[in-house]
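So the chains spell out like this:
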Amino acid sequence: MRMGAPRRSLLAALALGVPGGAAAQVQGTPTGNPAAEWRFGAIYPLSGAPALLGDESFRGLEMAVEERNVAGGLLGRPIRLLRGDAGDEASAVGEARRLGGPERCAALFGTYGSTLSFAATQASEGQGVPYFELGAIADSITERGFRNLYRTCPRGADFARLTAEAVTAILPSLLGAPPRAALLYEDALYGASVSEMQVTRLREAGVEVLERISYPPRTTDLSGPVQRLREAGAEVLLHTGGQNDPILLFRTMREAGWRPRMVIGSGAGYSLADTARAVGPAFEGVMSIDFPAFAIADRVAPGNAAFAEAYKRRYGADPRSGHSLANLFGARVALDAIQRAGGLDKDKLRAAVLASDIAEGSTPTGWGAAFDERGQNTRARPCLMQWQDGRLVTIHPEAAAAAHPRARLGAD
């Protein structure tokens, strides 16, 4: 929507999903008098290997802020986003301190990467600055007893639970027998925490885990792990890695002349259209457990298609993954809580966040909002999706499914 166009109520904006026209420019809010605006920090990896998903995540926050500004701002004041580039733990800490200190940001938002979030939220808690985590899933982020940290997205435990469901309830009927599973993961906070919980859930379900193989972050060689997986006779590979790791994995499997019967990735690069294009036909049939994307039943995620259309008008292309939608959802919940709290008084804000009550199945993600004492949203859940005919479609849970699961991995 162009600046100066008639404002819609926030209620209408929420019902439609996002603003209907070109969005207002966040940087167009007044900067001469900081007291006349809300200054919020946005901490994401915006350079280096994870930058694509960092930028995709930021876009969801940006759209939520733009719709608020179009609707009259937050408590009558416009919002200005100040970006911080968190390429590693040190820069995440530095940006949290800069934005929460000299830049006078009243709240911080982020972050996509679990390792980055763990570091940035430690710094923000020390400053007493509220932090809304919209996309990092490691359970340990919200298990430190912080009073100013709120997470709107699912946890790694939720990803592990859905992994067990996929392996025990979906794959046996597709593959004809209980599958022999193995785990491959990046040895960082995200990969290690998700894989540990996957092992626990699978063993509770009586599934034998043949191998659990780790590799260092930013690795360029997976030939050793792939050989071990091949020798173990793995039929189903559960992979949790960085944004570009699926491309390396599939290239290595091709060079080794081996592939399992199914690969299930834990989000990140597995939900990116860029990954599917880079890997090619071999990516057909790959499953991904992640934030809901854009082929999901409207009855459980009303407004999902409207968001995708508005995103394309705003950025000139289709959403690259569900990270933008997850961040838009989380930012809306956060901004609503600040509105109800009448500002950012810490006690009033905490009371407002913990009083949030949004029913599941009523938002474009399908998520609701209800927070526990750790600041974790208990009504946010991942979906099981699959690449079918070049599109990532939801296949589980059944109520959200837009397609039936397929048994074939690869196009040949």
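Our subject in this report is the structure included herewith. Numbers given to residues run from 1 along each chain, matching the order in which its sequence is written. In keeping with the predicted nature of the model, local features appear solely for residues at pLDDT of at least 70, side-chain atom pairs appear and are counted solely at 80 or more, and the whole-chain, interface and lining totals rest on all residues. As a rule here, side-chain values cover all heavy atoms of the structure and leave hydrogens and water aside.

**A look at the layout of surface pockets**
For clarity, the cut-off: Only protein atoms enter the calculation, which uses a 1 Å grid: trapped sets of points that fit a 1.4 Å probe without letting it out are cavities, open sets showing protein on both sides within 12 Å along at least five of seven lines are pockets, and any residue with an atom within 4 Å of a point is a lining residue. Grid points are joined across faces, edges and corners, and a volume is the space filled by probe spheres set on the points. Helix and strand definitions here come from DSSP, where helices need a minimum of 4 consecutive H or I residues and strands a minimum of 2 consecutive E residues; each element is numbered from the N-terminal end. Gly is put with the polar residues, along with every residue not named as nonpolar or charged; the nonpolar set is Ala, Val, Leu, Ile, Met, Phe, Trp, Tyr, Cys and Pro, and the charged set is Asp, Glu, Lys and Arg.
The calculated volume of the largest pocket comes to roughly 800 Å³. Considering the residues around the largest pocket, the lining is formed by 36 residues, among which Pro 50, Glu 186, Arg 218, Gly 242 and Gln 243 are closest to the centre. Going through the elements one at a time, α4 (114–127), α6 (189–204) and α8 (245–256) are the ones with two or more residues in the lining of the largest pocket. Looking at the lining of the largest pocket residue by residue, the class counts come to 15 nonpolar, 15 polar and six charged.

**Things to note about the side chain of Ser 114**
The cut-off we apply is this: Classification of residues uses two cut-offs on accessible area relative to the type maximum, computed with a 1.4 Å probe and protein chains only: under 20% is buried, over 50% is exposed, and between them is partly exposed. Definition of a polar contact: a pair of N or O atoms within 3.5 Å, with one able to donate and the other able to accept a hydrogen when the atoms are protein atoms, and with sequence-neighbouring residues admitted only if both atoms are side-chain atoms.
When you line up the elements, Ser 114 lands in helix α4. Among the residues examined, Ser 114 registers a relative accessible area of 4% and is labelled buried. At 3.1 Å, the side chain of Ser 114 and the backbone nitrogen of Ala 138 are in polar contact.

**Remarks on the sheet that holds strand β4 (residues 131–133)**
Convention followed: Criterion used throughout: strands pair if DSSP finds at least two bridges between them. An axis is simply a line fitted to the C-alpha atoms; with a helix, the fit covers only the stretch in contact. Between two such axes, the angle follows the N-to-C directions and lies from 0 to 180 degrees. Here, two residues are considered to be in contact whenever any of their heavy atoms come within 4.5 Å of each other.
One open sheet accounts for five strands, arranged β2-β1-β3-β4-β5; its pairing is parallel. At either margin of the open sheet sits one strand with a lone partner, and together these are β2 (79–85) and β5 (149–151). Sheet twist, expressed as the mean angle between neighbouring strand axes with direction ignored, is 25°. Of the strand pairs in this sheet, strand β1 (residues 38–44) and strand β3 (residues 107–110) are connected by four bridges, and their pairing is parallel. Each residue of the ladder has a partner; that of Ala 42, found in β3, is Phe 109. Sheet strands touched by helix α2 (residues 51–70): β1, β2 and β3. Its angle to β2, the strand with the most contacts, is close to 170°.

**Considering the pairing of strand β10 (residues 287–290)**
Formally: Note on handedness: a crossover is taken as right-handed if, strands pointing away from the viewer, the path from the first strand over the helix to the second is clockwise.
Here β10 shows no split at all, with Met 287 and Ile 289 on one side and Ser 288 and Asp 290 on the other all buried. Across two bridges, the pairing between strand β9 (residues 262–265) and β10 is parallel. Paired with Gly 265 across the bridge in β10 is Ser 288. Since β9 and β10 lie parallel, the crossover through helix α9 (residues 273–279) that links them has a hand, and here it is right-handed. Sheet topology places β10 next to strand β11 (residues 383–388); four bridges connect them, and they run antiparallel.

**Concerning the packing of aromatic side chains**
Note the following rule: We call Phe, Tyr and Trp rings a pair once their centres come within 6.5 Å, taking the six-membered ring for Trp, and we label the pair stacked below 30 degrees between planes, edge-to-face above 60, and tilted otherwise.
Using the criterion set out here, one finds 14 aromatic pairs in the structure. The interplanar angle of 65° and the centroid separation of 5.2 Å between the aromatic rings of Phe 250 and Phe 283 together place this pair among those described as edge-to-face. Residue Phe 250 is located in helix α8, and its partner Phe 283 is located in the loop between α9 and β10; the two are separated by 33 residues in the primary sequence. Across this residue pair, the class does not change: Phe 250 and Phe 283 are buried.

**Here we look at the pattern of salt bridges**
Put simply, the rule reads: Should a side-chain nitrogen of Lys or Arg be within 4 Å of a carboxyl oxygen of Asp or Glu, the pair is scored as a salt bridge.
Tallied over the entire structure, the rule returns 24 salt bridges. We note a salt bridge from Arg 98 to Glu 95, for which the minimum N-O separation is 2.7 Å. A residue pair is termed a helical-turn pair when its members lie 3 or 4 positions apart in one helix, as Arg 98 and Glu 95 do in helix α3 (residues 89–100) at three residues. Exposure remark for Arg 98: the relative accessible area of 28% places this residue in the partly exposed category. Members of the salt-bridge network, linked through shared partners, are Glu 37, Arg 39, Glu 95, Arg 98 and Glu 103.

**Regarding the sheet that holds strand β6 (residues 181–186)**
Paired through backbone hydrogen bonds, the strands of a sheet run either parallel or antiparallel to each other. In spatial order, the strands read β7-β6-β8-β9-β10-β11-β12; together these seven strands make up an open sheet with mixed pairing. If you trace the sheet from one side to the other, it starts and ends with β7 (209–215) and β12 (391–396), each paired once. In this sheet, neighbouring strand axes are inclined to one another by 25° on average, regardless of whether the strands run parallel or antiparallel. As paired elements, β6 and strand β8 (residues 236–240) share five bridges and run parallel to each other. What sits directly across from Ala 181, in β8, is Val 236. Running over the sheet, helix α7 (residues 223–232) touches β6, β7 and β8 and is turned about 180° from β7. Strand contacts of α8: β6, β7, β8 and β9, with the helix running at about 145° to β8, the strand carrying the most contacts.

**So, α3**
Which entries qualify depends on this criterion: Take the number of residues in a helix, subtract one, and multiply by 1.5 Å to get its expected span. Think of the arc as the fan of directions from the helix axis to the C-beta atoms.
For α3, built from 12 residues, the straight-helix expectation of 16 Å at 1.5 Å per residue is met to within 8% by its first-to-last C-alpha distance of 16 Å. Within the sequence span of α3, burial applies to Ala 92, Val 93, Glu 95, Ala 96, Leu 99 and Gly 100. Viewed along the axis of α3, the buried residues span an arc of 165°, placing them on a single side of the element. Residues Ala 90 and Arg 97 are exposed on α3 and point more than 90 degrees away from its buried face. Buried positions along α3 lie against β1, β2, β3 and α4.

Geometry only, nothing functional implied.
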